[in-house]
Structures are given as C-alpha cells and as structure tokens.
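Chains, contacts and geometry: an overview
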Amino acid sequence: MNTKRITFWLGFVVIIGLIIWGLVVAMNKTPNSTSKIGVPAPVTSSDNVEGSSSARVTLIEYGDFQCPACSTYAFYVERLFNEASSTMRVVFRHFPLSQHPNAIPAARAAEAAGVQGKFWDMYRLLYANQSDWSEKTTTEANTIFDGYATTLKLDMTNFKADEMSSSTIAKIMAQEAEGQKIGIDHTPSFFVNGREVNPNTYEEFKTIIDAALSGTAE
Amino acid sequence: MKNLKRLLTRPLVALPSSLVIIILVVALVGFADATYLSAEHFRGVIPPCSVTGGCEKVLTSDFSVVFGIPVSLLGAVYYLLIAIGGLIFLESKHISKLEKHNSEILRLSLLLTIPGFLASVWFTGLQVFVIHSYCTYCLGSACVTTILLSLTVVMFRKYRRTDEEDLRFKI
C-alpha cells in the first residue's frame with residue numbers, strides 16, 4: 001500500500017473521528033452557557049411545595065405528568081429530597097405539553113388531590129405508574145386516576161368536583177403561562193435557587209444540589 | 001421484472017466522481033444523525049420532552065430497539081457501509097488509478113439503499129400511525145435515505161452497462 005492510499009484512508013478515519021468527537025462535544029455542552037431562560041416567579045402559597053420554607057435550597061420543577069423523562073427525573077428528585085429534606089424544598093409547576101393529551105387530566109387529578117393535602121402522593125402515583133395510563137384514552141386515564149384517588153382514600157365527591165373546577169384548570173394554565181413567559185421549551189426543566197440546571201444523571205443532579213447546599217454554586 | 005433485474009445487476013460504467021462524492025457526503029450526514037441517536041441511547045440519557053414534538057416518545061418506544069440493538073446504530077452502520085463503498089471507488093479511480101475502477105463494490109453498497117429506504121418507510125409509518133409522534137432526527141434520516149435512493153436510481157439508470165456492451169463483455 002503506497003503513501004497516497006494510506007493518507008486517503010487515514011483522512012477518512014480522521015473525518016469519521018471528527019464527526020464523532022463533534023457529536024460528543026455537542027452532547028456534553030451545558031445548555032446553561034447559551035441559555036436565555038429567565039428566572040421563575042417567586043414561590044407563593046398557591047404553589048405545590050414539599051419541604052420547609054426556610055430550606056437553603058429551592059428546587060423548582062416545570063413538569064408534564066405524561067412526559068417519560070419527567071417520570072425518570074421524579075425518582076431522582078424524590079431520592080434527593082429524601083437525602084436532604086431538612087435543607088431542601090421541592091416546588092412543582094405544571095407545564096403540560098400539547099403532544100401529551102393526558103397531561104392536563106393528570107395535572108387536574110394532582111391538583112384535586114392537593115386540595116385534600118395529597119398532591120405529592122398523587123404526583124408519585126402518576127409518575128410511578130405513567131406507563132399504565134399514558135397511552136390510554138382520556139376517559140380511561142381519568143378512570144385510572146379515580147383509582148389512585150381511592151387508593152389515597154380521598155373524598156371522591158370532592159375529588160371529582162375539584163378535578164373539574166375552573167379554578168383547577170386556571171391554576172394549571174397560569175403555571176404553564178408563567179413557564180412560557182420565562183422561555184421554557186422542554187420538560188422537565190429544573191431551577192436550583194432560581195438558576196436553570198440540566199443534569200443528565202442522578203449523580204450530576206446530586207452534585208448540583210450539594211454545591212447549592214454548601215454555597216459553592218455560582 | 002427483467003428490466004428491474006437488469007437495472008440492479010448490471011455493472012456501472014463511466015461513473016462521474018462528482019456524483020459519488022455527493023453520495024459520500026449525504027451518507028456522512030446520515031451517519032452523523034444516526035451516530036448522535038446511538039450515542040444518546042448508550043449514554044442512557046432520557047430525551048427531554050420538547051414543546052416542538054414528541055421525539056422522546058419515538059426514542060423511548062419499543063420500536064427503537066431491534067433484538068437489543070438500537071435502530072439508530074443499525075442506521076449508522078448502514079450509512080458507513082455506503083460511504084465506504086463510495087470511498088473505495090474514489091480511491092481506485094484517483095489514488096490507485098486502477099484501469100478498472102472498483103465500481104462493483106460501490107454498486108453493491110448502493111443496493112443497500114433499497115432495504116434502507118423500505119426501513120425508513122416502515123419507521124416513518126410507525127411514527128405516523130402507531131406512536132403518533134415525530135422525531136426530527138428520525139425524519140431527517142428518512143430524508144437522507146430517500147435522497148440516497150434517488151441518487152442510486154439516477155446512477156443505475158444512467159451509468160449501467162448498455163445491452164450492447166453487456167453482450168460484447170459476455171462474448
């Protein structure tokens with residue numbers, strides 16, 4: 001094999017290597033560096049909050065109950081909260097996406113459970129069993145949500161009334177509008193003490209929370 | 001049927017390098033697209049749900065993996081084989097300057113665009129009729145494969161050995 005041929009094939013290998021390297025760099029790039037996402041609105045009494053109001057770290061999630069990634073991250077969030085519940089609080093805000101027809105019904109069910117003080121229990125049930133209702137019709141999904149409400153021993157008459165009330169949908173839409181206003185374009189979107197973060201794994205998430213707890217986050 | 005057989009089996013002659021380079025570049029675009037999806041799969045990153053569509057539904061569906069192998073990885077190998085076929089031809093013509101160019105290997109690699117296109121039709125159909133969501137990267141790959149098939153058809157029709165040449169060759 002002469003030098004020209006070796007150079008030719010080496011050139012090809014280099015091009016393939018450059019393509020793969022470029023992709024890896026693009027994937028590892030933190031979106032924060034170019035992010036134009038604004039700061040979430042301050043936490044108010046109407047928010048769904050788990051944890052103490054005096055907690056040093058506030059994690060705000062904009063989520064969609066039918067989003068598979070949100071379901072995965074819900075386990076991360078629960079684990080993080082369990083490990084740092086005295087110093088961290090979690091806030092969930094609705095951001096139902098149009099491609100998920102059961103996202104708003106699920107959000108309604110969570111809010112209706114919240115009226116009876118069981119928002120986070122319903123939150124966990126919805127995410128843990130997402131595959132059971134995600135691809136069902138809205139009527140079937142609502143029947144499944146009724147089953148969760150029964151499991152949580154909710155007052156079913158009030159649950160059904162709250163689920164369909166105009167104030168429930170108004171709250172969901174208001175949170176979604178607020179998310180749109182600050183430029184959210186995907187779920188889940190997380191903010192730690194007002195700053196957007198994009199962890200890919202539980203470990204990355206934990207590092208971010210630990211840094212915020214120790215006050216070393218930028 | 002006989003015409004189809006003639007179209008698919010007849011050797012290619014007097015192939016212009018420019019057309020092969022276009023095929024090579026398009027195949028590399030497809031390779032980058034499929035490699036990106038494969039890397040995301042193996043990194044175990046759950047794609048976020050975007051306001052612009054349901055890519056996450058497509059990429060996390062049961063159809064995204066065949067016998068434990070991500071479809072995107074099969075796609076990456078497919079595009080790479082086509083690119084290698086083009087390179088072998090270009091190398092034989094311009095570097096080794098062989099009198100008889102390696103068009104047969106290129107022809108065989110281009111035949112892959114037929115099952116590649118059929119697979120793209122199948123996966124696009126799944127997105128439309130079964131998953132009811134669309135993944136931009138998957139649709140991009142389907143476009144690349146369609147372009148490759150179109151270029152292959154042009155090449156096979158325009159540059160295959162003629163009947164007279166074929167007869168002379170056999171004699």
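In this text the structure is predicted, and so the values were computed from the model without any measurement. (Residues numbered from 1 in each chain as written. Chains lettered and ligands numbered in written order. Predicted model: local features only at pLDDT ≥ 70, side-chain atom pairs only at ≥ 80, totals over all residues. Heavy atoms only, no water.)

Examining the interface of chain B and chain A
Each side of the interface is counted separately: chain B has 29 residues, and chain A has 26 residues. Approximately 2400 Å² of surface area, both sides summed, lies buried where chain B meets chain A, with 73% of it carried by carbon and sulfur atoms. Counting the surface chain B buries against chain A, the share from its top three residues, B:Cys49, B:Val51 and B:Ile95, is 23%. The interface formed by chain B and chain A includes 1 salt bridge. Note that B:Glu91 is salt-bridged to A:Arg5, the shortest N-O span being 2.4 Å. For the interface between chain B and chain A, the tally reads 4 residue pairs in polar contact (both at pLDDT 80 or more). For the side of chain B that touches chain A, the secondary structure elements donating two or more residues are helix 2 (17–43), strand 1 (49–50), helix 3 (55–59) and helix 4 (71–95) of chain B. Direction of pairing for strand 4 (residues 186–187) of chain A relative to strand 1 of chain B: antiparallel, over a ladder of 2 bridges. Residue A:His186 lies in a different strand from strand 1 of chain B, and its bridge partner there is B:Ser50. (Contact = heavy atoms within 4.5 Å. Buried area = accessible area lost by both parts, 1.4 Å probe. Salt bridge = Lys/Arg side-chain N within 4 Å of Asp/Glu carboxyl O. Polar contact = N/O pair within 3.5 Å; in protein donor to acceptor, adjacent residues only side chain to side chain. Helix = DSSP H or I, 4+ residues; strand = E, 2+ residues; numbered from the N terminus. Pairing = 2+ DSSP bridges.)

Overview of the environment of A:Pro40
Residues and elements named next belong to chain A. Among the secondary structure elements, Pro 40 is positioned in the loop between helix 1 (3–28) and strand 1 (48–50). A relative accessible area of 9% places Pro 40 in the buried class. Residues Pro 40 and Val 57 lie 17 residues apart in sequence; the distance between their C-alpha atoms is 14 Å. Once residues lying within four places of it in the same chain are set aside, the contact partners of Pro 40 are Ile 60, Tyr 62, Arg 93, Glu 178, Ile 182, Phe 191 and Gly 194. (Buried < 20%, exposed > 50% of the residue type's maximum accessible area, 1.4 Å probe, protein only.)

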